[in-house]
Amino acid sequence: MTTAVNAPTPAERAKALLADGRSLIGGDRVPGTAETRTHVDPATGTALAEIALAGPGEIEAAVAAARAAFPGWRRTAPGARRDTLRRIADALEAHTDELAALVTLEIGQPFRAARAGVGGAVEWFRYYAGWADKLEGIVAPVAPGSVLDYTIPEPYGVVAAIIPWNGPVISLALKVAPALAAGNCVVLKPSELAPFSSLRAGALALEAGLPPGVLNVVPGAAAAGDALCRHPQVGKISFTGGGATARAVVTAAAEEHTPVVLELGGKSASLVFADADVASVGKLAAILGLAQNSGQGCFLPTRLLVERSVYDAVIERVVATAQGIRLGDPFDPGTSMGPVVSEEASARIVGTVERAVREGAGRLCTGGRRAGGDLARGFFVEPTVVADADPTAPLAREEIFGPVLAVLPFDGEEEAVALANGTRYGLAGYVWTNDLRRAHRVAGALEAGYVSVNGMAPLPPAAPFGGWNASGHGQEGGRAGIEEFLRTKNVHVSLR
Ligand code: NAD
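What you see is a predicted model; the values in this text were computed from it and never measured. Residue positions are counted from 1 within each chain, in the order its sequence is given. Local features in this predicted model are restricted to residues whose pLDDT is 70 or higher, and side-chain atom pairs enter the listing and the counts only when it is 80 or higher, whereas totals over whole chains, interfaces and linings include all residues. No hydrogens and no water enter the side-chain calculation; it runs on all heavy atoms of the structure.

1. What to know about a nonpolar patch on the surface
Threshold: Like charges are joined within 9 Å and nonpolar side chains (Val, Leu, Ile, Met, Phe, Trp, Tyr) within 5 Å, but only among residues with over 30% relative accessible area and no salt bridge; these make up the patches. All accessible-area figures derive from a Shrake-Rupley calculation using a 1.4 Å probe, and residue coverage is judged against the displayed protein chains alone. Salt bridge, as applied in this entry: a Lys or Arg side-chain nitrogen positioned within 4 Å of an Asp or Glu carboxyl oxygen. In this description a helix means any DSSP run of H or I spanning at least four residues, a strand means any run of E spanning at least two, and both kinds are numbered starting from the N terminus. Residue exposure (1.4 Å probe, protein chains only): buried if accessible area is under 20% of the type maximum, exposed if over 50%, otherwise partly exposed.
On the surface, Val139, Leu148 and Leu495 cluster together into a nonpolar patch covering about 270 Å² of accessible area. Secondary-structure assignment places Leu148 in strand β6 (residues 147–155). The exposure class of Leu148 is partly exposed, given its relative accessible area of 35%.

Here's what the structure looks like:
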């Protein structure tokens with residue numbers, strides 16, 4: 001009984017792990033040599049840890065460690081690679097609470113949602129473990145009898161995986177699992193805002209039997225990311241983050257012509273037609289667009305386009321739902337929405353809404369402020385609904401990355417699709433209708449890489465996911481996701 005009382009909670013265990021922010025390079029923990037960053041708990045505003053970030057020197061060492069580990073990992077029998085990835089999945093699963101608590105302390109995501117994120121990562125590792133021993137080439141019909149022409153899918157060698165802070169464990173899995181399954185070694189650069197969960201996942205992978213150097217975790221900021229993208233021994237870069245950073249990544253990568261996958265932001269639209277089940281759609285749209293990760297998700301439906309005949313009814317439901325979202329301590333199971341990631345993020349989000357309302361770009365229905373009372377010390381922003389949003393204004397066109405839903409009316413399918421396609425992004429689209437033919441017609445017409453009808457898919461590993469236009473290019477998930485980490489070698493054998 002006493003052991004149960006004294007057993008540390010996941011939050012306590014995670015807090016102890018915040019003390020060590022050293023890089024994981026070649027199986028060793030290496031102190032950072034760049035600037036020191038104070039990690040602040042987004043839910044309380046209190047400083048939790050100091051981390052000496054990694055710089056270009058640690059990147060150099062990590063690439064060298066990955067390079068050194070590559071021949072061994074590439075020669076590892078595919079079945080053994082598969083088993084190692086499965087063991088990593090098991091280790092992540094066994095440490096779900098601890099990893100989830102780290103994510104909660106890093107970004108303020110409610111613990112329940114963070115646990116689901118770790119569960120998702122486990123699934124991605126299991127899924128790609130299954131690909132490790134199924135990678136086949138082809139025999140090309142060049143000149144049967146006189147030529148044997150075949151292909152071998154080959155790993156790139158050292159792969160750079162650069163991930164954002166907003167879902168750190170799942171983002172890691174989306175890149176690291178397929179890259180390793182394909183036989184690459186990885187240098188993972190997590191965001192400086194959320195380095196601890198990646199470091200813990202890397203340590204667990206080592207404990208699960210991944211050879212040292214096959215996965216290196218280097219928690220640095222822009223200078224480390226830049227050095228990684230410029231490195232001549234990095235064969236491929238997989239980047240997830242914002243558009244401005246992506247420009248810097250592509251520019252740095254251009255020096256060595258290193259190929260890049262870009263998974264960027266979005267301003268995805270929900271299209272609600274009058275024949276949809278409006279009562280539940282209004283509720284869902286608000287929950288998906290606002291409460292999930294406090295609106296800090298690349299593919300969340302942050303624009304709500306509603307057919308005019310049901311416009312007022314949907315807004316009423318959405319506002320009521322937004323006002324019912326419970327903000328609070330992210331470790332409290334009753335909390336449905338946590339803070340946003342930082343003080344700066346909260347100021348930016350509130351400022352964007354204030355400016356839009358002041359300039360007549362929309363009508364504020366609820367929210368629009370930093371939460372007060374007990375929550376004032378943390379970075380909580382009220383769930384915000386802005387109706388009659390001007391489709392040409394930034395509020396309705398640019399990613400806000402906070403709990404802000406822009407609502408617009410439309411008349412007819414054609415206008416709905418034109419509005420949905422009216423931004424430079426092309427990440428996701430959501431269609432709400434009970435008309436089967438319309439559902440497929442609209443899904444086909446949307447300029448987006450990922451479309452959901454009457455719901456939202458929770459990033460299943462078997463389904464390819466990726467953006468169009470300013471939302472990036474390349475795929476994560478499914479066969480397409482592992483092919484990003486393979487290049488083709490063609491062998492032409494003369495038989496005469
Ligand atoms: P960010 O662009 O600020 O940072 C992303 C990563 O890039 C971090 O690890 C950061 O340290 C690193 N970085 C910064 N400067 C760099 C440089 N010069 N060279 C190389 N790396 C550098 O993005 P963020 O704020 O961490 O994440 C939010 C953004 O990510 C949003 O735009 C969101 O939509 C996007 N996102 C996209 C997806 C997707 O799958 N499409 C998923 C999650 C997040």
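2. A closer look at the environment of Asp97
The following threshold applies: The contact rule is simple, with two residues in contact once any of their heavy atoms fall within 4.5 Å. Polar contacts here mean pairs of N or O atoms no more than 3.5 Å apart (in protein, one a potential hydrogen donor and the other a potential acceptor; neighbouring residues in sequence count only if both atoms are side-chain atoms).
Here Asp97 is to be found in helix α5 (residues 96–107). Through-space distance from the C-alpha of Asp97 to that of Phe111 is 8.4 Å; in sequence the pair is 14 residues apart. Leave out the neighbours within four places in its chain, and Asp97 touches Pro10, Arg13, Phe111 and Arg115. In this structure the side chain of Asp97 is engaged in a polar contact, spanning 2.5 Å, whose partner is the side chain of Arg115.

3. Some thoughts on the site of the ligand
Selection rule: Throughout, the term near means that a residue has one or more heavy atoms lying within 4 Å of the molecule or strand in question. Domain start and stop positions are those given by an automatic or database domain assignment.
Taken together, 28 residues lie around the ligand, and Lys189, Glu192, Thr245, Leu264 and Glu399 are the ones closest in. In this structure, Thr245 approaches the ligand through a side-chain N or O atom, which is 2.6 Å from an oxygen atom. Between the ligand and Leu264, the relevant distance is 2.7 Å, taken from a nitrogen atom to a main-chain nitrogen or oxygen of the residue. Burial of the ligand by the protein amounts to 86% of the accessible area it has alone, namely 860 Å². Of the residues forming the shell around the ligand, the biggest block, 4 residues, is contributed by helix α9 (residues 222–230). Mapped onto the domain boundaries, the shell around the ligand takes at least three residues apiece from domain 1 (10–264 + 471–490) and domain 2 (268–460).

4. Considerations on the packing of aromatic side chains
Stated formally: Pairing of aromatic side chains requires ring centres within 6.5 Å, counting the rings of Phe and Tyr and the six-membered ring of Trp. Pairs whose planes differ by under 30 degrees are stacked, by over 60 edge-to-face, and all others tilted.
Counted under the stated rule, the structure contains 8 aromatic pairs. Taking 5.4 Å as the distance between ring centres and 65° as the angle between the ring planes, the aromatic pair formed by Phe299 and Phe465 counts as edge-to-face. In this pair, Phe299 is assigned in the loop between α11 (278–291) and β13 (301–307) and Phe465 in the loop between β18 (450–453) and β19 (472–473), connecting sequence segments 166 residues apart. Classification of Phe465 by relative accessible area gives buried; the value is 4%. Among the aromatic residues, those joined into a cluster by ring pairs are Trp124, Tyr127 and Tyr128.

5. Notes on the domain arrangement of the protein
The following threshold applies: In this description, buried area is defined as the sum, over both parts, of the accessible area (probe of 1.4 Å) that is lost when the two are combined. Gly counts as polar in this scheme, as do all residues outside two lists: the nonpolar Ala, Val, Leu, Ile, Met, Phe, Trp, Tyr, Cys and Pro, and the charged Asp, Glu, Lys and Arg.
The domain boundaries assigned to the protein delineate domain 1 (10–264 + 471–490) and domain 2 (268–460). Facing 25 residues of domain 1, the contacting portion of domain 2 comprises 25 residues. In total, about 2,000 Å² of surface goes out of reach between domain 1 and domain 2, with carbon and sulfur atoms giving 61% of it. For domain 1, the biggest contributors to the area lost against domain 2 are Pro42, Trp165 and Ser471; these three give 25% of the whole. In this structure, the connection of domain 1 to domain 2 is made through 0 salt bridges. At the surface where domain 1 touches domain 2, the tally comes to 10 residue pairs in polar contact (both at pLDDT 80 or more). Sort the elements by how many residues they give to the side of domain 1 that touches domain 2 and α5 lands first, with 4 residues. When the residues that make up the side of domain 1 that touches domain 2 are grouped by side-chain class, the tally is 14 nonpolar, 8 polar and 3 charged.

6. Regarding the side chain of Glu58
Going by this rule: We count Lys and Arg on the positive side and Asp and Glu on the negative side, and we leave His and both chain ends out.
Position of Glu58 among the secondary structure elements: in helix α3 (residues 56–75). Despite its burial, Glu58 pairs with no opposite charge, the nearest such side chain being Lys189 at 12 Å. Contact partners of Glu58, with chain neighbours within four places excluded, come to Ser23, Ile25, Val30, Pro31, Gly32, Thr33, Ala34, Leu53 and Val218.

7. Structural notes on the environment of Ala416
Among the structural elements, Ala416 can be located in helix α15 (residues 412–420). Residues Ala416 and Leu446, spaced 30 residues apart in sequence, show a C-alpha to C-alpha distance of 9.8 Å. Apart from the residues lying within four places of it in its own chain, the contact partners of Ala416 are Leu271, Phe273, Leu305 and Phe410.

8. Comments concerning empty space enclosed by the protein
Our working rule: A 1.4 Å probe that fits but cannot get out identifies a cavity on a 1 Å grid over protein atoms alone, an open set with protein on both sides within 12 Å along at least five of seven lines counts as a pocket, and a residue lines either if it has an atom within 4 Å of a point. Grid points are joined across faces, edges and corners, and a volume is the space filled by probe spheres set on the points.
Scanning all chains against the criterion turns up 4 cavities of 30 Å³ or more. When contributions to the lining of the largest cavity are tallied by element, the ones reaching two or more residues are β12 (268–272) and β17 (428–432). Taken together, the residues of the lining of the largest cavity break down into 7 nonpolar, 6 polar and 3 charged. Estimates place the volume of the second largest cavity at around 70 Å³. What lines the second largest cavity is a set of 13 residues, among which Gly266, Thr302, Glu399, Ile400 and Phe401 lie closest to the centre. Of the residues that constitute the lining of the second largest cavity, the class distribution is 5 nonpolar, 6 polar and 2 charged.

9. Describing the state of the cysteines
How we decide: We call a pair of cysteine sulfur atoms a disulfide whenever their separation is within 2.5 Å.
Enumeration according to the criterion identifies 0 disulfides in this entry. We note that Cys185 lacks a disulfide partner, and the nearest cysteine sulfur, in Cys229, lies 18 Å from it.

10. Digging into the packing of α3 against α9
Applicable threshold: As a rule, the C-alpha atoms of each element are fitted with a line to give its axis, helices using only the stretch in contact, and angles between N-to-C directions run from 0 to 180 degrees. Working definition: roughly parallel below 35 degrees, roughly antiparallel above 145 degrees, roughly perpendicular at 65 to 115 degrees, and oblique for all remaining angles. Working rule for handedness: look at the near helix, and if it is turned counterclockwise from the far one by less than a right angle, call the crossing left-handed; if clockwise, right-handed.
Axis separation between α3 and α9 bottoms out at 8 Å; the angle between their running directions is 40°. The angle between the axes of α3 and α9 places the two elements in the oblique class. Judged by the twist between their axes, the crossing of α3 over α9 is right-handed. Across from Pro56, Ile59 and Val63 in α3, the residues of α9 making contact are Ala223, Ala224, Ala227 and Leu228. Residues that form the contact of α3 with α9 fall into these classes: 7 nonpolar, no polar and no charged.

11. Considerations on the pattern of salt bridges
Considering all chains together, one arrives at 28 salt bridges under this definition. Across the salt bridge formed by Asp83 and Arg86, the nearest N and O atoms sit 3.9 Å from each other. With Asp83 and Arg86 both in helix α4 (residues 78–94) and 3 residues apart, this pair spans about one turn of that helix. For Arg86, a relative accessible area of 43% translates into the label partly exposed. Among the ionic pairs, Arg200 bridges to Glu207, the shortest N-O distance being 3.9 Å. Under the relative-accessibility criterion, Arg200 is labelled buried at 16%. Look at Glu207 and you get exposed, because its relative accessible area is 59%. Because the salt bridges share partners, they merge into one network encompassing Arg82, Asp83, Arg86, Asp133 and Lys134.

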